[in-house]
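Observations on chain architecture
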Amino acid sequence: MVFILVTTILPPHKGEEYVKLHASGKQAKYPDFVKPIHRFVVMDYDTKGYVLYEVPDDKIMEAMKAIGKRYSTYFTIEGFKAKMEILMESKDVLAMLGLG
């Protein structure tokens with residue numbers, strides 16, 4: 001399994017707009033193999049969201065496309081930002097470097 005972390009940033013005064021858009025159901029659905037396993041929110045100067053997804057190794061590109069398509073709905077909100085990262089476990093990085 002591979003983990004994908006999506007970090008979002010939303011200006012706090014856009015929260016109501018985000019909630020309405022989210023409730024509208026206009027965003028693309030995830031395929032069955034994309035599993036959101038944790039959701040976190042940090043209230044700072046902006047509202048930051050973190051969603052951790054688990055996907056099969058052989059579906060990384062399909063998963064990234066599906067996740068990106070879903071988040072693209074929110075880019076209509078001024079100031080909304082999203083970043084997608086593939087996470088590796090330490091043991092895998094060590095093995096890749098020939099140290100594990």
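Please refer to the structure placed before this passage.
Residues numbered from 1 in each chain as written. Predicted model: local features only at pLDDT ≥ 70, side-chain atom pairs only at ≥ 80, totals over all residues. Heavy atoms only, no water.

It is worth spelling out the packing of aromatic side chains at this point. The description of an aromatic ring pair rests on the distance of the ring centres and on the angle between the ring planes. One pass over the full model with this rule turns up 6 aromatic pairs. The interplanar angle of 25° and the centroid separation of 4.7 Å between the aromatic rings of Tyr 18 and Tyr 74 together place this pair among those described as stacked. Separated by 56 residues along the polypeptide, Tyr 18 in helix α1 (residues 15-24) and Tyr 74 in the loop between α2 (60-72) and β4 (81-87) bring together distant segments of the chain. By relative accessible area, which is 26% here, Tyr 18 ends up partly exposed. The exposure class of Tyr 74 is buried, given its relative accessible area of 2%. Ring centres of Tyr 74 and Phe 80 lie 5.7 Å apart, and the angle between their planes is 40°; on these two criteria the pair is classed as tilted. Across the pair, Phe 80 and Tyr 74 agree in class, each one buried. What links up through ring pairs into an aromatic cluster is the set Tyr 18, Tyr 71, Tyr 74, Phe 75 and Phe 80. Positioned above the aromatic ring of Phe 33 is the side chain of Lys 59, whose terminal nitrogen or guanidinium carbon lies 5.1 Å from the ring centre. (Phe/Tyr/Trp six-rings, centres within 6.5 Å; stacked < 30°, edge-to-face > 60°. Helix = DSSP H or I, 4+ residues; strand = E, 2+ residues; numbered from the N terminus. Buried < 20%, exposed > 50% of the residue type's maximum accessible area, 1.4 Å probe, protein only. Lys NZ or Arg CZ within 6 Å of the ring centre and 35° of its normal.)

Counted according to the given criterion, the structure contains 6 salt bridges. Measuring nitrogen to oxygen at the nearest pair gives 3.4 Å for the salt bridge that ties Lys 20 to Glu 16. One end of the pair, Lys 20, and the other, Glu 16, are both in helix α1, 4 residues apart, so they sit about a helical turn from each other. Residues Lys 20 and Glu 16 agree in their burial class; the two are exposed. With a shortest N-O distance of 3.8 Å, Lys 83 and Glu 85 are connected by a salt bridge. For Glu 85, a relative accessible area of 29% corresponds to the partly exposed category. (Salt bridge = Lys/Arg side-chain N within 4 Å of Asp/Glu carboxyl O.)

When you line up the elements, Glu 54 lands in strand β3 (residues 47-55). C-alpha of Glu 54 to C-alpha of Tyr 30: the two residues are 24 residues apart in sequence and 12 Å apart in space.

As a further point, take the side chain of Thr 73. Within the element layout of this structure, Thr 73 appears in the loop between α2 and β4. Among the polar contacts listed, one links the side chain of Thr 73 to the backbone oxygen of Arg 70, at a separation of 3.2 Å. Every residue in contact with Thr 73, bar those within four places of it in the chain, is listed here: Leu 21, Lys 26, Gln 27 and Ala 28. (Polar contact = N/O pair within 3.5 Å; in protein donor to acceptor, adjacent residues only side chain to side chain. Contact = heavy atoms within 4.5 Å.)

Looking now at the sheet that holds β3. What the 4 strands build is an open sheet, ordered β2-β3-β1-β4; its pairing is antiparallel. Looking at strand neighbours, the two that pair on one side only are β2 (35-43) and β4, the edges of this open sheet. On average, each strand axis in the sheet is inclined to that of its neighbour by 15°, with strand direction left out of account. Across 7 bridges, strand β1 (residues 2-10) lies against β4 in antiparallel orientation. By the bridge assignment, Thr 7 is partnered in β4 with Lys 83. Sitting on the sheet, α2 touches β1, β3 and β4, and the angle it makes with β1 is about 15°. (Pairing = 2+ DSSP bridges. Axes fitted to C-alpha atoms, helices over the stretch in contact; angles between N-to-C directions.)

Nothing here speaks to function; it is geometry throughout.
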